[in-house]
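An overview of the molecular structure
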Amino acid sequence: MTRLTRRAALAAGIAATGTAALPRFAIGQADNRPTITIAVQKISNTNTLSALREQSNVGTRLAPLTTERLIDLNYQSKLEPVPGLATEWKRIDDSTVEFKLRQGVKFHDGSEFTAEDVAGSFSPQHMFGETRPTVRGVTLPMAGGNPAVFTKELTRDVPPVARRLWPALERVEIVDKHTVRFVNAAPDVTIEGRASVRGSDIVSFKAFNDSPSWLEYARKPVGTGPYKVREFKPDNALVLDAHDEYWGGRPPIKTLRFLEVPEASSRINGLLSGEYHFASDVSPDQIPQIERNRAFEVQQSLVPNHRLIVFDKNHAPIADPRIRRAMTHAIDRQAIVDALWGGRTTVPRGLQWDFYADMLIQDWTVPKYDPTLARQLIREAGYKGDPITFRVAAGYYINQAPTAQVLVEMWKQVGLNVQIKMVENWTQIFERGPERGIRDWSNSATFSDPVSSIVAQHGPNGQQQQMGEWTNDEMNKLTVELESSTDRARRKAVFARMLEICEREDPAYTVLHQNAVFTAKRREFKWKAAPSFAMDFRALNWG
Amino acid sequence: MLRFVALRVGRALLTIALVVTFAFVVLRLSGDPALMIMSPDAPPEALAAFRKAWGLDEPIWLQYLRYFTAILQGELGQSFRDGRPALQLVAERIPATLQLTIPALMLKVGLGIPAGIYAALHRNSAIDRAVMTFAVAGFTVPSFVLGLLLVLVFAVQLGWLPSGGQESWRSVILPVISMGLGGAGILARFTRSAMLEVLGQPYIRTASAKGVPWHQVVRKHALPNAAIPTVTIVGFMVGTLMAGAVVVESVFSWPGVGRLMVVAVSNRDLAVVQCILLLVSATMVTSNLIVDLLYGVLDPRLRGTAPAGGGH
């Protein structure tokens, strides 16, 4: 028997301690990944980081960073769908999609990602509350079985957002530990698209249940993304640390710091003086100033968001569709793009995007610039020069006030009397009354199908109709068909007709240009801006 | 004295009541918090749920009644944006604001008053003109313009100081200078005027004629008598300590009460705005009360204005 002396025990203890400590020390020494500071105008409008509450464009910035969806978007290409937390998926029938989940994925708290988390993320407790699926405008009755047990109060505005994303989702069935089925209450060809939308993020259901309240959880969600939330100081800073067990490879940045710097000039000054490595939300006129210094460059992203002018057809001077059509033909969109955007964006093919793929109406265009036709339409409509009110809340969109002024001049050229009324906020823009005429807006497509845009924004449940600005019976019937039909050829024809109604026949809006965002950065960082508001700091986009 | 204080306190409470009422009327009638916070693209059902959750769907008079009753009970409400108590949100920002406003006040007093005294004692000299030129420039150039200028020189060009944020003690320097120089200019102007007025008084001539050394004449006779207008201005500056500096905090990305105010107003986050207004008005009212009391200390003739306790 070997005798253990006190000295030997001490030596063994020291050796053991050293063995345990040294590798970690070595790892710590080897971790020379940078800490990157990004100045942004706003981190979150709602003071939360959950996409179910923070549906804004600024919230999209974090999309590829903290939480992930079953189907991801290719941020390095054209936002086409790619496997995310699901490795493959297949249609069981028109209403059901089965997803095979990625194995070996770890949440930020170290727990394993399983089908339970998918079902939990799409549960009444986390997402839907007591709402029920709606099919063709009819809400289905409560299902039988055990009702959901709510351990914490769900913030009231979340279920309506969840139901807009998933209007007819009946349930998520767990097939096995790594397989789930999304069962819809009605046929829907967009289930896969909806699974890729912000708001369909998968969170650790255990961490959610352990959190004291929904809002507290939403300030520090536990996801599977490459970065985990260390600290969130609303209106001030968000600090994310690398999630080294990320399934997609070790994140290239040790710590990401998003600092809220509301003033554009302060963001640029901070970039130029070396405090920030990136400055987001740069306006086009600031680009030459930044790039004068060779150490910096500005990257542009054409985002899936189009700038529009929206019509209120109850406003007497534009009640006649010919006046609205005249307005669409009086706009030289390319001149706006060239003069105010330095040619850094494009005029799209109406309210659609290239990533619609087989649903893209290739030969569709915005109304052509034709002042002669505009004048003719105005004459035919018998327009007497009554003022058309244009409510503008300058500062919400890039170049908003200059664009409004240019438009008013273009309309004046063809004989339309459009008068700008500056207001402070959206409440004042939407205020109902005979004076409400036209306004600014932008529309996004959240997934690769027109349901995500023309239906969501101009259909019967979209903002424009809900605000009482515009409606069209045929458009509303087509909306139901586009949402429920599974005949792809017919769906495409329906979408083409919708564009014709909304952009030509009875204009609801007119598209001006695609929106672009500009990110200034040090040239030394090999990073590429995504065609989205999202900022991608995964390994595949660094170095 | 008791009646004097009671009157002042009563007036202060009335002022505060008017301020919160005004805030309610302006904020609630000029914007819908649901649209501001949830964004105009939120589904109508979500907007309706938000309004219901916060009682924004009730008649406006009922909302006002609830709002005012809650204040009287010391309940300052919760932020519409994230559901946390408004007082907690504001309290979190106060240290950051005081980090700027207290040094800025010290700069104003420490630079402005001596400069004003010096200029008055050297009236019409080159130094007087130089001091007054800087003073006028100090308070006519807006603080944000000065701030941007300082950032361009000391952060962007020279790289000596940070352009913003709250990273280290060095981050304080530029915002404090931006805020302090204007106030120092104002104080220098007021101090100079007050001193010149006092220096022309017969009792100054008398003291000098009696052979009192000039520095004693200035210290014992001129300065205390010239202090009243200066104390009034300093009192006003103390009153604004809590309000922070809305523009400077934005330019320097400083996470203080001023920036919280901007965000809260633009989101119509009524509870937070109300909490800040109460804090600011309470500071202002307290500071005015202290100034009123100081008048009596500085000038015995003014003690008579305190009806109950004034000694003659």
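Rules used in this analysis
- Residues numbered from 1 in each chain as written.
- Chains lettered and ligands numbered in written order.
- Predicted model: local features only at pLDDT ≥ 70, side-chain atom pairs only at ≥ 80, totals over all residues.
- Heavy atoms only, no water.
- Core = buried A, V, L, I, M, F, W, Y, C linked by side-chain atoms within 4.5 Å.
- Buried < 20%, exposed > 50% of the residue type's maximum accessible area, 1.4 Å probe, protein only.
- Helix = DSSP H or I, 4+ residues; strand = E, 2+ residues; numbered from the N terminus.
- Domains from an automatic or database assignment.
- Contact = heavy atoms within 4.5 Å.
- Axes fitted to C-alpha atoms, helices over the stretch in contact; angles between N-to-C directions.
- Left-handed = near helix turned anticlockwise from the far one by under 90°.
- Nonpolar A, V, L, I, M, F, W, Y, C, P; charged D, E, K, R; others polar.
- Pairing = 2+ DSSP bridges.
- Phe/Tyr/Trp six-rings, centres within 6.5 Å; stacked < 30°, edge-to-face > 60°.
- Lys NZ or Arg CZ within 6 Å of the ring centre and 35° of its normal.
- Buried area = accessible area lost by both parts, 1.4 Å probe.
- Salt bridge = Lys/Arg side-chain N within 4 Å of Asp/Glu carboxyl O.
- Polar contact = N/O pair within 3.5 Å; in protein donor to acceptor, adjacent residues only side chain to side chain.
- pLDDT = per-residue confidence, 0-100.
- Arc of directions from axis to C-beta.
- Patch = residues over 30% accessible without salt bridge, like charges linked within 9 Å, V, L, I, M, F, W, Y side chains within 5 Å.
- Areas by Shrake-Rupley, 256 points an atom, 1.4 Å probe, with all protein chains shown as cover.

**Section: the nonpolar core**
Within the largest apolar cluster, 118 residues are counted, with the highest numbers of intra-cluster contacts made by Phe99, Val118, Phe122, Trp166, Phe182, Ile454 and Tyr509 of chain A. With eight residues, the single largest contributor to this core is helix α13 (residues 270–298) of chain B. When residues of this core are sorted by domain, at least three fall in each of domain 1 (2–72) and domain 2 (90–302) of chain B. Sequence-distant contacts of Phe122 of chain A, that is, excluding residues within four places in its chain, are made with Met127, Phe128, Trp166, Leu169, Val172, Phe182, Ser200 and Ile202 of chain A.

**Thoughts on the packing of helix α5 (residues 86–121) of chain B against helix α6 (residues 126–140) of chain B**
Residues and elements named next belong to chain B. Viewed as axis vectors pointing N to C, α5 and α6 meet at an angle of 145°, and their least axial separation amounts to 8 Å. With respect to the hand of their crossing, α5 and α6 are arranged in left-handed fashion. Residues Ala115, Tyr118 and Ala119 of α5 lie in contact with α6, whose contacting residues are Ile127, Asp128, Val131 and Met132. Its residues assigned to classes, the contact of α5 with α6 shows six nonpolar, no polar and one charged.

**Some details on the sheet that holds strand β11 (residues 237–242) of chain A**
Residues and elements named next belong to chain A. Read across the open sheet, the ten strands follow the order β10-β11-β12-β1-β13-β18-β14-β17-β15-β16; overall the sheet is mixed. Among the strands making up the open sheet, the edge pair consists of β10 (227–233) and β16 (418–422). Relative to strand β12 (residues 255–260), β11 runs antiparallel, the two sharing five bridges. From the neighbouring strand, Ala237 faces β12, where its bridge partner is Leu259.

**Considering the packing of aromatic side chains**
Residues and elements named next belong to chain A. With the rule as written, the count across this model stands at 31 aromatic pairs over all chains. Ring plane angle 70° and centroid distance 5.1 Å describe the contact between Phe99 and Phe182, whose orientation is recorded as edge-to-face. With Phe99 in strand β5 (residues 96–101) and Phe182 in strand β9 (residues 179–184), this pair connects stretches of sequence that are 83 residues apart. In textbook terms, an aromatic cluster arises when at least three aromatic residues are bridged by ring pairs, as seen for Trp89, Phe99, Phe122, Trp166 and Phe182. Looking at Arg439, its charged tip hangs above the ring of Trp441, at a distance of 4.9 Å from the centre. Of note, Arg504 hangs over the ring of Trp364, and the distance from its end group to the ring centre comes to 4.3 Å.

**Focus: the sheet that holds β9 of chain A**
All names here are of chain A. The antiparallel open sheet is built from four strands, whose spatial order is β4-β5-β9-β8. Since the sheet does not close on itself, it has two edges, and those belong to β4 (86–93) and β8 (169–176), each with one partner. The sheet shows a mean angle of 20° between the axes of neighbouring strands, direction not considered. Pairing between β4 and β5: six bridges, direction antiparallel. Bridging from a neighbouring strand, Ala86 pairs with Leu101 of β5.

**With respect to the domain arrangement of chain B**
Residues and elements named next belong to chain B. By domain assignment, chain B separates into domain 1 (2–72) and domain 2 (90–302). One C-alpha centre belongs to domain 1, the other to domain 2; they are set 32 Å apart. Between domain 1 and domain 2, the contact holds 17 residues from the first and 15 residues from the second. Summed over both partners, the interface of domain 1 with domain 2 comes to about 1,500 Å²; 79% of that surface belongs to carbon and sulfur atoms. Three residues, Ile16, Leu27 and Met36, lead the burial of domain 1 against domain 2; their summed loss comes to 33% of the area buried on that side. For the interface between domain 1 and domain 2, the tally reads zero salt bridges. If you look at where domain 1 meets domain 2, you find one residue pair in polar contact (both at pLDDT 80 or more). Put simply, the parts of the chain that give the side of domain 1 that touches domain 2 at least two residues each are α1 (2–29), α2 (33–38) and α4 (60–72). No other element matches α1, which puts ten residues into the side of domain 1 that touches domain 2. Among the residues making up the side of domain 1 that touches domain 2, the classes are represented as 13 nonpolar, two polar and two charged.

**Topic: the confidence of the model for chain A**
Per-residue pLDDT for chain A has a mean of 90; in total, 92% of the residues score no lower than 70. Every residue in residues 1–29 of chain A scores below 50 in pLDDT, and together they form two contacts with partners more than four places removed in sequence or on other chains.

**Concerning helix α3 (residues 44–53) of chain B**
Three or more residues of α3 of chain B are buried, namely Ala46, Leu47, Ala49 and Phe50 of chain B. End-on, the buried residues of α3 of chain B take up no more than an arc of 160°, which puts them together on one face. Against α5 (158–165) of chain A together with α2 of chain B lie the buried residues of α3 of chain B. Of the residues flanking the end of α3 of chain B, it is Gly55 of chain B, one or two places downstream, whose phi is positive at about 70°.

**Some details on a nonpolar patch on the surface**
Residue and element names in this part refer to chain B. On the surface, Val141, Phe144, Val145, Val246, Val247 and Val262 cluster together into a nonpolar patch covering about 410 Å² of accessible area. Taken together, the elements giving at least two residues each to the nonpolar patch come down to α7 (143–157) and α11 (246–251). With respect to the helices and strands, the residue Val247 is situated in helix α11.

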